[in-house]
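Overview (structure and organization)
Chain by chain, the residues run as shown.
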Amino acid sequence: MKQTQYVAREPDAQGFIHYTAEEHAVWNTLITRQLKVIEGRACQEYLDGIDKLGLPHDRIPQLAEINKVLGETTGWQVARVPALIPFQTFFELLASKQFPVATFIRTREELDYLQEPDIFHEIFGHCPLLTNPWFAEFTHTYGKLGLQASKEERVYLARLYWMTIEFGLVQTPQGRRIYGGGILSSPKETVYCLSDEPEHQAFDPLEAMRTPYRIDILQPVYFVLPELKRLFDLAHEDIMGMVKRGRELGLHAPKFPPKAA
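Residues numbered from 1 in each chain as written. Predicted model: local features only at pLDDT ≥ 70, side-chain atom pairs only at ≥ 80, totals over all residues. Heavy atoms only, no water.

Labelled according to an unreviewed UniProt entry, the chain appears under the name Phenylalanine-4-hydroxylase, originating from Pseudomonas hefeiensis. We quote the UniProt Cofactor (unreviewed entry) comment for the chain here in full: "Fe(2+)". As recorded by UniProt, the Pathway (unreviewed entry) comment attached to the chain reads in full: "Amino-acid degradation; L-phenylalanine degradation; acetoacetate and fumarate from L-phenylalanine: step 1/6." (UniProt positions renumbered as here; feature names shortened; annotations may be inferred.)

This next bit is on the packing of aromatic side chains. Applying the stated criterion across every chain, the model contains 13 aromatic pairs. Centroid distance Trp27 to Phe120: 5.5 Å. Interplanar angle 80 degrees. Geometry classified as edge-to-face. Separated by 93 residues along the polypeptide, Trp27 in helix α1 (residues 21-37) and Phe120 in helix α5 (residues 119-126) bring together distant segments of the chain. Neither Trp27 nor Phe120 differs from the other in exposure class; each is buried. For the ring pair Trp162 and Tyr213, a centre distance of 4.3 Å and an interplane angle of 10 degrees mean the geometry is stacked. Of this pair, Trp162 sits in helix α7 (residues 151-166) while Tyr213 sits in the loop between α10 (205-209) and β6 (221-225), and the two are 51 residues apart along the sequence. Judged by its relative accessible area of 25%, Tyr213 falls in the partly exposed class. An aromatic cluster is defined as three or more aromatic residues linked by ring pairs; in this entry it consists of Phe87, Phe90, Phe91, Phe138, Tyr142 and Tyr161. Sitting over the face of the ring of Tyr156, Arg159 holds its NZ or CZ atom 4.7 Å from the ring centroid. (Phe/Tyr/Trp six-rings, centres within 6.5 Å; stacked < 30°, edge-to-face > 60°. Helix = DSSP H or I, 4+ residues; strand = E, 2+ residues; numbered from the N terminus. Buried < 20%, exposed > 50% of the residue type's maximum accessible area, 1.4 Å probe, protein only. Lys NZ or Arg CZ within 6 Å of the ring centre and 35° of its normal.)

To continue, consider the environment of Ala136. Take Ala136: it is sitting in helix α6 (residues 133-148). Overall, the relative accessible area of 4% leaves Ala136 in the buried class. For Ala136, the residues in contact, after removing those within four places along its chain, are Thr74, Trp76, Leu129 and Leu130. (Contact = heavy atoms within 4.5 Å.)

Attention now goes to the sheet that holds strand β5 (residues 199-202). Reading across the sheet, the four strands line up as β4-β3-β6-β5 and stay open at both edges, with mixed pairing between neighbours. Both outer strands of the open sheet, β4 (175-178) and β5, are each paired with one neighbouring strand and no more. Across the sheet, the axes of successive neighbouring strands diverge by a mean angle of 40 degrees, strand direction being ignored. In this sheet, β6 lies alongside strand β3 (residues 169-172) in parallel orientation, the contact comprising two bridges. Note that in β6 the partner of Leu169 across the bridge is Val224. (Pairing = 2+ DSSP bridges. Axes fitted to C-alpha atoms, helices over the stretch in contact; angles between N-to-C directions.)

Let us now look at empty space enclosed by the protein. One way to see where empty space is left: roll a probe the size of a water molecule over the atoms. Applying the stated criterion across every chain yields a total of one cavity of 30 Å³ or more. Estimates place the volume of the largest cavity at around 40 Å³. Residue lining of the largest cavity: Thr211, Pro212, Pro220, Val221, His252, Ala253, Pro254, Lys255 and Phe256, and that is the complete set. Split by residue class, the lining of the largest cavity holds six nonpolar, two polar and one charged. (1 Å grid on protein atoms, 1.4 Å probe; cavity = no way out; pocket = protein on both sides within 12 Å on 5 of 7 lines; lining within 4 Å. Points joined across faces, edges and corners; volume = space filled by probe spheres on them. Nonpolar A, V, L, I, M, F, W, Y, C, P; charged D, E, K, R; others polar.)

With that settled, the discussion passes to the nonpolar core. Ranked by size, the top nonpolar core spans 69 residues in total, and within it Tyr46, Ile123 and Tyr179 carry the most contacts. In terms of residues, this core owes the most to one element, α7, which gives seven residues. Core analysis: the second largest hydrophobic core is formed by eight residues, Val81, Ala83, Leu93 and Ala102 among them. (Core = buried A, V, L, I, M, F, W, Y, C linked by side-chain atoms within 4.5 Å.)

Looking now at the pairing of β4. Pairing of β3 with β4, which is carried by four bridges, proceeds in the antiparallel orientation. Residue pairing for β4: Leu169 is matched across the bridge by Ile178. In textbook terms, the turn of a hairpin is the stretch between consecutive antiparallel strands, and for β3 and β4 this stretch comprises two residues.

Set out below in structure tokens:
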């Protein structure tokens, strides 16, 4: 596991997490900016989730506030974690319908991008769609599969997660829209992913598993679901059979340069 400069905040005896005025100000900057950028770009199911969560703009929300809404909609909860967690812990949480949230927020120096997921990425990027039963079902199934998978199989599952939950697009009557949390929490990628610059492929889970990615660049290729319900349908297909087939076929050539040493 990589190291991080960030330290997750511990709650007090009442379960309340205290943040500084500067940290609340960073949240305000991030959410007000990103709500403007996602207009006409985020999928409707995500926007419905934003409405349900009713995220505050002037302060970082408490996890209990998020849990109340998730519990009432899909039975999910968020779980406080340190900045980075092992794969095993990640799958254990998802398998028990708990979404990991690191309780720190980025500094102004890393406002546009940071490699480790912070509370803004997790809550603004992912939690709105956890109110959606299709998305929630797929995420739950993914966790259960990952828990049983071998180390080698998990690498293929990780690519599927990356190309869907983190960086997925969906076709709608209004055109392509975003549902991936990695995009929705990034102003630059929100605009870039719908432009003509990257490649857009019709979603195929096997192809997604075989497509290499880098976490520190704008994605060269995005997979586009025909509709968000495709994730629900996929949750009831033989995903591990696809992993087996993907391992037999091997990876596609990367569409990006190697990372400099």
